[in-house]
Amino acid sequence: MALAFTSSSAIHASTSSSSYQQPKVSQLGTFQPLDRAQILSTALNSRRRLAMKPLNAEPKRNDSIVPSAATIMAPEVIEKADEEDFEKLAKELQNASPLEIMDKALEKFGDDIAIAFSGAEDVALIEYAHLTGRPFRVFSLDTGRLNPETYQLFDTVEKHYGIRIEYMFPDSVEVQALVRSKGLFSFYEDGHQECCRVRKVRPLRRALKGLRAWITGQRKDQSPGTRSEIPVVQVDPSFEGLDGGAGSLVKWNPVANVDGSDIWNFLRAMNVPVNSLHSQGYVSIGCEPCTRPVLPGQHEREGRWWWEDAKAKECGLHKGNIKDESVNGTVQTNGTATVADIFDTKDIVTLSKPGVENLLKLEDRREPWLVVLYAPWCQFCQAMEGSYVELAEKLAGSGVKVGKFRADGEQKAFAQQELQLGSFPTILFFPKHTSKPIKYPSEKRDVDSLLAFVNALR
Ligand code: SF4
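Residues numbered from 1 in each chain as written. Predicted model: local features only at pLDDT ≥ 70, side-chain atom pairs only at ≥ 80, totals over all residues. Heavy atoms only, no water.

Asker: Quick rundown of the packing of aromatic side chains? Include the residues and the values.
Answerer: We describe a pair of aromatic rings using the distance from one ring centre to the other and the angle between the two ring planes. The full count for this structure, using the stated rule, is 16 aromatic pairs. With centroids separated by 6.4 Å and ring planes inclined at 75 degrees, the aromatic side chains of phenylalanine 109 and tryptophan 252 adopt a geometry described as edge-to-face. Within this pair, whereas phenylalanine 109 is found in helix H4 (residues 98–109), its partner tryptophan 252 is found in strand E8 (residues 250–252), the two being separated by 143 residues in sequence. Overall, tryptophan 252 belongs to the buried group, its relative accessible area being 0%. Taken together, the aromatic side chains of Phe117, Tyr151, Phe154, Tyr167 and Phe169 make up a single cluster linked through ring pairs. It is arginine 145 that lies over the ring of phenylalanine 185; its NZ or CZ is 5.1 Å from the centre. (Phe/Tyr/Trp six-rings, centres within 6.5 Å; stacked < 30°, edge-to-face > 60°. Helix = DSSP H or I, 4+ residues; strand = E, 2+ residues; numbered from the N terminus. Buried < 20%, exposed > 50% of the residue type's maximum accessible area, 1.4 Å probe, protein only. Lys NZ or Arg CZ within 6 Å of the ring centre and 35° of its normal.)

In structure tokens form, the structure reads like this:
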């Protein structure tokens, strides 16, 4: 497989060795669930073939994958991603195994699809692709800020699978401008978006402009704030593919429904090389300055951009996961209808804005308060309703008052300015003797975790 880049450095493979043929629309629409035994048998046969000739063994590492070489390889077949009903396909594949989904993705898109590899446990995607026995491509974003262990894994993976990872680099002029004007660690001060945009999102955008589909390792359990609804396949809501425009790129998430623990069982069972940072407590791995180990029981996303709000923890690569929560007083999200209020129980005090403003004045605070800032339409607020109600029952008569403040609509600006609201739900503890409320820092919202927080501060 010889690789070439367009003048805008988009990834494009000029392979002709693959047996892949671009399917017609009619074929795309007639999905037949794959027989797993058949797939595994194919995979085993493929492994035997691979022993003779490794997948993606070509090209050799050479200048053809350096973006400055501007060779344009024209696509042969132009079929927009939105010509197939991918919502329907996602439903059909909802219960399929990652291997089946991967096989379907590679079958449909051949050389026009590539796996996005971050250097963490998404190495499982490469193993699944390998097991399908089909040719596959892998690209990675080298931000220039990765851990040495991640670079080491890249090298190990290339050797293990006999592949060449197609690295994408940030624009040097943009990096230079950012670092010269704001320093090397500006993300700690004004958020990670700007740096991620330069070092990750724009290189990714360039990469995707050379593809019709990509494969990610996103899982629902990775981030309750942003990834709880990802389908196994979707028209990419954020990026464009080779043909340009909305609907020109398809995003496959073969492990969307898989738990992190099952990914690890798979990696161990298949003896897949993994990032050595995992053995040092790292779960989610990104750039070195923005990744840290987590403690047992901590959510993996707490190891990423920990100084920022949990809801916004997407680097821009999957920003389509973040829903629009702009509100105007009533209850809505994504066009859904009005929903009933939540946290309705005698043990939870409904606070108005003047009530909260009183709480903010220490002299008016006679007892400590725990207050949730919520929006009734927010699925994460709904998900914690049971535990918050139970907590209120437990705290009734204990000297700690439990309240709620609906902070969407016209209250949102006030809550953002005065109450540290970043996303819903935000939980605040107003100590009896301290003026400033303390924000609950974790995404774990079970009764015991919340109670431990209260007891540590009361
Ligand atoms: Fe920059 Fe951190 Fe984003 Fe990496 S993860 S691109 S270092 S802000």
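Read on for the rest.
Asker: Describe the pattern of salt bridges, and please don't skip the residues or the numbers.
Answerer: Under the definition given, this model contains 18 salt bridges. The partner of arginine 219 in a salt bridge is glutamate 121, and the shortest N-O contact between them spans 2.8 Å. Of the two residues, arginine 219 is situated in the loop between strand E6 (213–215) and strand E7 (233–235) and glutamate 121 in the loop between strand E3 (113–116) and helix H5 (123–132); the sequence distance between them amounts to 98 residues. Looking at arginine 219, the relative accessible area reads 2%, which means it is buried. Look at glutamate 121 and you get buried, because its relative accessible area is 7%. For aspartate 347, the salt bridge goes to lysine 346, with nearest N and O atoms at 3.3 Å. Owing to a relative accessible area of 18%, aspartate 347 belongs among the buried residues under this scheme. Linked by salt bridges that have partners in common, Asp112, Arg212 and Asp243 make up one network. (Salt bridge = Lys/Arg side-chain N within 4 Å of Asp/Glu carboxyl O.)

Asker: Residues and numbers for the environment of glycine 281, please.
Answerer: Looking at the element boundaries, glycine 281 is found in the loop between helix H10 (260–269) and strand E9 (349–350). You can call glycine 281 partly exposed: its relative accessible area is 25%. Separated by 19 residues in the primary sequence, glycine 281 and glutamate 300 place their C-alpha atoms 9.9 Å from one another. When residues no more than four places from it in sequence are discounted, the contact partners of glycine 281 are Pro293 and Val294. (Contact = heavy atoms within 4.5 Å.)

Asker: Break down the site of the ligand for me, with residues and values.
Answerer: Around the ligand, the surrounding shell consists of Arg145, Phe187, His192, Cys195, Cys196, Arg199, Lys200, Cys287, Cys290 and Trp305. Residue contributions to the shell around the ligand peak at four residues, all from helix H9 (residues 193–208). For the shell around the ligand, the class distribution of residues is six nonpolar, one polar and three charged. (Near = heavy atom within 4 Å. Nonpolar A, V, L, I, M, F, W, Y, C, P; charged D, E, K, R; others polar.)

Asker: Outline the packing of H5 against H10, supporting the account with residue identities and numerical values.
Answerer: When two helices pack together, you describe them by how their axes are tilted relative to each other and by the distance separating the axes. Look at H5 against H10: their axes get within 10 Å of each other, and the N-to-C directions meet at 55 degrees. Relative to H10, H5 is oriented oblique. The handedness of the crossing between H5 and H10 comes out as left-handed. Where H5 abuts H10, its residues Val123, Ala124, Glu127, Tyr128 and Leu131 lie against Ile263, Phe266 and Leu267. For the contact of H5 with H10, a count of residues per class yields seven nonpolar, no polar and one charged. (Axes fitted to C-alpha atoms, helices over the stretch in contact; angles between N-to-C directions. Parallel < 35°, antiparallel > 145°, perpendicular 65-115°, else oblique. Left-handed = near helix turned anticlockwise from the far one by under 90°.)

Don't take any of this as a statement about function, it's just geometry.
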